[in-house]
Amino acid sequence: MSSNTKYIFVTGGVTSSLGKGIISASLAKLLQARGFTVTIQKLDPYINIDPGTLNPYEHGECYVTDDGAETDLDLGHYERFLNVRTSQANNVTTGRIYQSVIEKERKGEFLGKTVQVIPHITDEIKNRIKLLGKTGQYQFVITEIGGTVGDIESLPYIEAVRQLKWELGDNCIVIHLTLLPYLATSGELKTKPTQHSVKLLLEYGIQPDILVCRSEYPVSKDIRKKIALFCNVSTDAVIESLDASTIYEVPVLMQAEKLDEIVLKKLKVNELPEIHLEKWTEFLNRFHNPKKTLNIGLIGKYVELKESYKSIAEAFIHAGAVNDCSVRIDWIHSESIDENNVNEKLKGLDGILVAPGFGNRGIEGKVHAIKYAREKNIPFLGICLGMQCAVIEYARNVLGLKDAHSREMNPATNSPVIDLLENQKNISHMGGTMRLGAYPCRIEEGTLAHKIYGKSDISERHRHRYEFNNEYTKRFKEAGMVLSGINPDAGLVEIVEIPTHRFFMGVQFHPEYKSTVENPHPLFVNFINAALKN
Ligand code: GLN
């Protein structure tokens with residue numbers, strides 16, 4: 001294959017939520033399985049610099065990369081599918097684009113010119129797209145354009161794609177994702193919305209090369225021919241994308257539709273290396289044939305919106321498959337738990353996970369749930385705020401510090417077992433100022449964590465401001481809590497466990513971000529294993 005990086009754009013039409021992220025990740029998986037190097041990028045047309053300041057109700061989970069970028073949850077899918085790390089460069093928002101253009105203007109870099117959407121904003125977008133190609137690490141860069149074609153805010157992105165398509169020639173294609181609605185009254189799949197959305201793209205100067213059509217019913221040869229005729233694409237470039245039982249099935253469905261082959265053909269890549277999806281299909285086999293079902297309680301405050309805990313839910317799927325079991329998540333609102341109903345609410349669970357989070361709402365429910373898991377010897381995993389709550393619970397009920405709390409929830413507490421670090425105290429800007437991204441952690445030998453990871457030095461991703469307060473270290477140790485993972489540079493406590501318990505772990509970091517199909521996270525795998533033995 002020639003040394004030129006090939007650029008694939010994925011746009012969406014008709015409605016939002018068609019699954020551009022999953023289609024992009026699936027195509028990337030297929031190209032990777034044929035031995036090509038691939039990365040995926042998401043361009044988000046909103047004005048926030050990053051989703052870090054967005055409420056989960058607005059935007060679902062905020063995914064964190066190794067280099068500390070707070071990003072769109074689609075990047076989580078990219079990593080889970082490809083088993084390759086993403087970075088800041090993989091997620092760009094309009095806010096970020098304008099921020100750099102305005103900074104350049106203030107530095108005088110535009111030499112007195114009037115700064116305009118075209119060419120300055122579009123040039124900045126094009127640079128961000130080409131940045132990944134220029135690293136020389138990837139043969140294919142797949143760029144997903146957030147939003148729906150026709151949105152006012154995505155216009156500069158569409159224009160940048162038009163320009164790049166012209167500049168890059170055979171090294172660039174556009175895949176347009178659309179919907180074929182089924183009209184029950186006439187018993188037909190309708191192609192008009194697809195035709196209209198392609199017309200809109202054509203108005204903007206873009207002829208899509210491939211159409212991926214989401215549909216609840218199989219798309220017949222005749223419908224494909226009709227779409228091809230109206231939209232100027234070849235019939236083999238009309239790809240059917242049926243609803244799948246799991247997102248992990250989509251690469252296989254896309255392979256059956258030959259999406260990867262048509263992509264290679266359109267990009268004039270004249271080789272078709274053999275495809276190796278063995279590990280992937282083995283995972284699918286295990287996923288579809290569980291020997292047991294486990295009930296894991298996920299205690300959080302955004303449970304109505306499962307997208308908020310996307311990476312945790314996916315990590316359970318990966319860990320379940322390894323253990324040949326299916327993990328049923330019981331989404332439990334922390335505000336619904338109190339001292340009197342906790343036994344009733346959590347009865348019958350095989351394991352309990354207390355989720356990450358911010359703010360006071362639902363905190364007491366989390367603490368009650370942890371007390372229940374600790375006393376009843378039920379496998380427990382606490383992540384970030386979940387770990388902090390485990391520390392608070394232990395302080396209150398074992399150390400006897402009745403008012404123990406995190407200063408985040410109670411700044412006036414006399415026992416701040418979780419507290420702000422000195423360097424977080426004077427921060428006034430909320431965006432991008434938490435402890436973010438990968439940090440090293442040293443694990444003490446002989447602990448459960450050491451057994452699980454099988455090594456002493458690990459790296460995990462963080463997203464929080466508050467920390468275990470080391471003034472209490474001695475008291476916790478004397479009371480039987482093992483502080484098994486420590487940041488070697490700052491001495492911060494990263495993992496706590498209770499050795500007399502069958503599985504009780506709290507981690508200040510987010511293991512869920514690093515769990516992938518081909519590399520399920522050991523903490524989740526062992527947590528599920530402990531729950532199975534429970
Ligand atoms: N709110 C806590 C903190 O900022 C925990 C954050 C989290 O769970 N991600 O430290």
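Before reading on, note that the structure itself is shown above.
Just so you know, these numbers come straight off a predicted model, no measurement behind them.

Now for the overall build of the chain. In terms of regular secondary structure, the chain is built from 18 helices and 23 strands. Taking 534 residues into account, the globule formula puts the C-alpha radius of gyration at 24 Å, and the chain, at 25 Å, falls close to it. When its C-alpha atoms are laid out on the principal axes, the chain stretches across 75 × 65 × 45 Å. Counting only residues that meet the buried cut, the chain has 58% of its 534 residues in that class. A separation threshold of at least 6 residues defines the contact pool for the chain, and within that pool the share at least 24 residues apart is 73%. Working note: accessible area of the chain is about 22,100 Å², and carbon and sulfur atoms make up 50% of it. One finds the centroid of the 62 positive side-chain charges in the chain at a distance of 2 Å from the centroid of its 66 negative side-chain charges.

A separate point is the environment of threonine 11. Here threonine 11 lies in strand S1 (residues 6–12). A residue is classified by how much of its surface remains accessible, and threonine 11, at 1% relative accessible area, is buried. When the C-alpha positions of threonine 11 and aspartate 66 are compared, they lie 27 Å apart, and in sequence the two are 55 residues distant. For threonine 11, the residues in contact, after removing those within four places along its chain, are Lys20, Ile145, Val149, Ile158, Val174, Ile175, His176, Leu177 and Leu201.

Another aspect to go through is the site of the ligand. In the region of the ligand, the neighbouring residues are Pro356, Gly357, Phe358, Cys384, Leu385, Gln388, Glu408, Arg463, His464, Arg465, Tyr466 and His510. Here leucine 385 contributes a backbone N or O atom positioned 3.0 Å from an oxygen atom of the ligand. The site holding the ligand turns out to be the second largest pocket. Looking at the shell around the ligand, the elements that each hand over two or more residues are helix H15 (385–397) and strand S19 (457–464). Residue composition of the shell around the ligand, by class: 5 nonpolar, 4 polar and 3 charged.

Next up on the list: H15. Taking 1.5 Å per residue, 13 residues should reach 18 Å; H15 reaches 18 Å between its end C-alpha atoms and fits that length. When you tally the buried positions in H15, you get 12 out of 13 residues, the bulk of the element. Among the residues of H15, those classed as buried are Leu385, Gly386, Met387, Gln388, Cys389, Ala390, Val391, Ile392, Glu393, Tyr394, Ala395 and Arg396.

Attention now goes to the sheet that holds strand S20 (residues 466–468). With respect to topology, 3 strands assemble into an open sheet ordered S16-S17-S20, the strand pairing being mixed. Strand pairing shows two members of the sheet lacking a second neighbour, strand S16 (405–406) and S20, which therefore form its edges. The sheet contact formed by strand S17 (residues 416–420) and S20 spans 3 bridges and is antiparallel. In the sheet register, isoleucine 418 faces S20, and the bridge partner there is phenylalanine 468. Sheet strands touched by H15: S16, S17 and S20. Its angle to S17, the strand with the most contacts, is close to 145 degrees.

Pairing between side chains of opposite charge can happen when their charged atoms approach one another. Going through the model one piece at a time under the given rule, you end up with 45 salt bridges. As a salt-bridge pair, aspartate 50 and arginine 96 come within 3.7 Å of each other at their nearest N and O atoms. Of this pair, aspartate 50 sits in the loop between strand S2 (38–44) and helix H2 (56–59) while arginine 96 sits in helix H4 (residues 94–106), placing them 46 residues apart in sequence. With a relative accessible area of 12%, aspartate 50 lands in the buried category. Assessed through its relative accessible area of 17%, arginine 96 is described here as buried. Across the salt bridge formed by aspartate 66 and arginine 461, the nearest N and O atoms sit 2.9 Å from each other. Within this pair, whereas aspartate 66 is found in the loop between strand S3 (63–64) and strand S4 (70–71), its partner arginine 461 is found in strand S19, the two being separated by 395 residues in sequence.

A few words now on the layout of surface pockets. Here the idea is plain: a probe the size of a water molecule rolls over the atoms and shows the empty space left. Counted as a void, the largest pocket has a volume near 690 Å³. Contributing elements (two or more residues each) for the lining of the largest pocket: helix H1 (20–33), S2, H2 and helix H3 (74–82). Considering every element that reaches the lining of the largest pocket, the biggest residue donor is H1, with 3 residues. Residues belonging to the lining of the largest pocket are distributed by class as follows: 6 nonpolar, 12 polar and 9 charged. Lining the second largest pocket we find 30 residues, and of these Pro56, Gly357, Phe358, Met434 and Arg463 sit closest to its centre. Looking at the lining of the second largest pocket, the elements that each hand over two or more residues are H15 and S19. When grouped by side-chain class, the residues that make up the lining of the second largest pocket number 14 nonpolar, 10 polar and 6 charged.

Here we come to the packing of H1 against helix H10 (residues 259–266). Contact geometry for H1 and H10: axes closest at 9 Å, N-to-C directions at 75 degrees. With respect to their mutual orientation, H1 and H10 come out roughly perpendicular. Contact residues: Leu27, Leu30 and Leu31 in H1; Leu259, Asp260, Val263 and Leu264 in H10. Class assignment for the residues of the contact of H1 with H10 results in 6 nonpolar, no polar and 1 charged.

In this structure, Ile8, Phe140, Ile175, Ile210, Leu259 and Val263 are the most contacted members of the largest nonpolar core, which totals 58 residues. Looking at this core, the element that brings in the most residues is H1, giving 8 residues. One finds Ile299, Leu349, Met481 and Phe504 within the second-largest nonpolar core, a separate group that totals 41 residues.

Once that is clear, we can look at the packing of aromatic side chains. Throughout the structure, instances matching the rule amount to 18 aromatic pairs. Ring geometry for tyrosine 63 versus tyrosine 513: centroids 5.1 Å apart, planes at 75 degrees, classification edge-to-face. Separated by 450 residues along the polypeptide, tyrosine 63 in strand S3 and tyrosine 513 in the loop between strand S23 (504–507) and helix H18 (522–533) bring together distant segments of the chain. Tyrosine 513 carries the same exposure label as tyrosine 63, and that label is buried. What links up through ring pairs into an aromatic cluster is the set Phe81, Tyr248, Trp280, Phe283 and Phe287. Across the ring face of tyrosine 439, the terminal group of arginine 435 is positioned such that the distance to the ring centre comes to 4.6 Å.

Okay, the side chain of glutamate 497 next. Turning to its location among the elements, glutamate 497 is positioned in strand S22 (residues 493–497). Within the buried core, glutamate 497 has no salt-bridge partner, and the shortest N-O distance to an opposite charge, that of lysine 451, equals 9.4 Å. Polar contacts involving the side chain of glutamate 497 include one to the main-chain amide nitrogen of alanine 449, which spans 3.1 Å.

Conventions adopted
Residues numbered from 1 in each chain as written. Predicted model: local features only at pLDDT ≥ 70, side-chain atom pairs only at ≥ 80, totals over all residues. Heavy atoms only, no water. Helix = DSSP H or I, 4+ residues; strand = E, 2+ residues; numbered from the N terminus. Rg over C-alpha atoms; globule rule 2.2 N^0.38 Å. Buried < 20%, exposed > 50% of the residue type's maximum accessible area, 1.4 Å probe, protein only. Contact = heavy atoms within 4.5 Å. Areas by Shrake-Rupley, 256 points an atom, 1.4 Å probe, with all protein chains shown as cover. Lys, Arg positive; Asp, Glu negative; His and termini not counted. Charge placed at Lys NZ, Arg CZ, Asp CG, Glu CD. Near = heavy atom within 4 Å. Polar contact = N/O pair within 3.5 Å; in protein donor to acceptor, adjacent residues only side chain to side chain. 1 Å grid on protein atoms, 1.4 Å probe; cavity = no way out; pocket = protein on both sides within 12 Å on 5 of 7 lines; lining within 4 Å. Sits in = over half its atoms within 2 Å of the grid points. Nonpolar A, V, L, I, M, F, W, Y, C, P; charged D, E, K, R; others polar. Expected span 1.5 Å × (residues − 1). Pairing = 2+ DSSP bridges. Axes fitted to C-alpha atoms, helices over the stretch in contact; angles between N-to-C directions. Salt bridge = Lys/Arg side-chain N within 4 Å of Asp/Glu carboxyl O. Points joined across faces, edges and corners; volume = space filled by probe spheres on them. Parallel < 35°, antiparallel > 145°, perpendicular 65-115°, else oblique. Core = buried A, V, L, I, M, F, W, Y, C linked by side-chain atoms within 4.5 Å. Phe/Tyr/Trp six-rings, centres within 6.5 Å; stacked < 30°, edge-to-face > 60°. Lys NZ or Arg CZ within 6 Å of the ring centre and 35° of its normal.

Function-wise, these values are silent; they only describe arrangement.
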